[in-house]
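Now for the letters of each chain:
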Amino acid sequence: MAENQNIEYKSSWHDDHLKWVCGFANAAGGTIFLGKNDKGEVVGISDHK
C-alpha cells in the first residue's frame, strides 16, 4: 500500500505531525501509520514478523 492522499507513513511520532491529523480531519479523512518509512516498510522493531 503506497502513500497517497489518504495514507501517510511516519517512522516515529513528532508533535509537528499534528498538521497531518488536522489536514485529514478537514478533508475526506485518512490514516497515519506510525512505525513505517515512506516505502511502507516497518522500522524501529527488529523482529516484526
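Along every chain, residues carry numbers that run from 1 in the direction the sequence is written. Reporting in this predicted model follows two pLDDT cut-offs: at least 70 for local features of residues, and 80 or more for side-chain atom pairs to be given and counted; totals over whole chains, interfaces and linings ignore these cut-offs and use all residues. Each side-chain value is derived from all of the structure's non-hydrogen atoms; neither hydrogens nor water enter the calculation.

### A closer look at the environment of Ala-27
With respect to the secondary-structure elements, Ala-27 resides in the loop between α1 (18-26) and β2 (31-34). Expressed as a C-alpha distance, the spacing of Ala-27 and Met-1, which sit 26 residues apart in the sequence, is 20 Å. Under the scheme used here, helices are H or I runs from DSSP no shorter than 4 residues and strands are E runs no shorter than 2 residues, and both carry numbers assigned from the N terminus.

### Brief notes about the environment of Trp-20
Structurally, Trp-20 can be placed in helix α1. Exposure is judged per residue with a 1.4 Å probe applied to protein chains only, and the accessible area is read against the type maximum: over 50% gives exposed, under 20% gives buried, and values in between give partly exposed. Looking at Trp-20, the relative accessible area reads 30%, which means it is partly exposed. C-alpha of Trp-20 to C-alpha of Thr-31: the two residues are 11 residues apart in sequence and 9.4 Å apart in space. When near neighbours in sequence (up to four residues on either side) are disregarded, Trp-20 contacts Glu-8, Lys-10 and Ile-32. Two residues form a contact once any of their heavy atoms are found within 4.5 Å.

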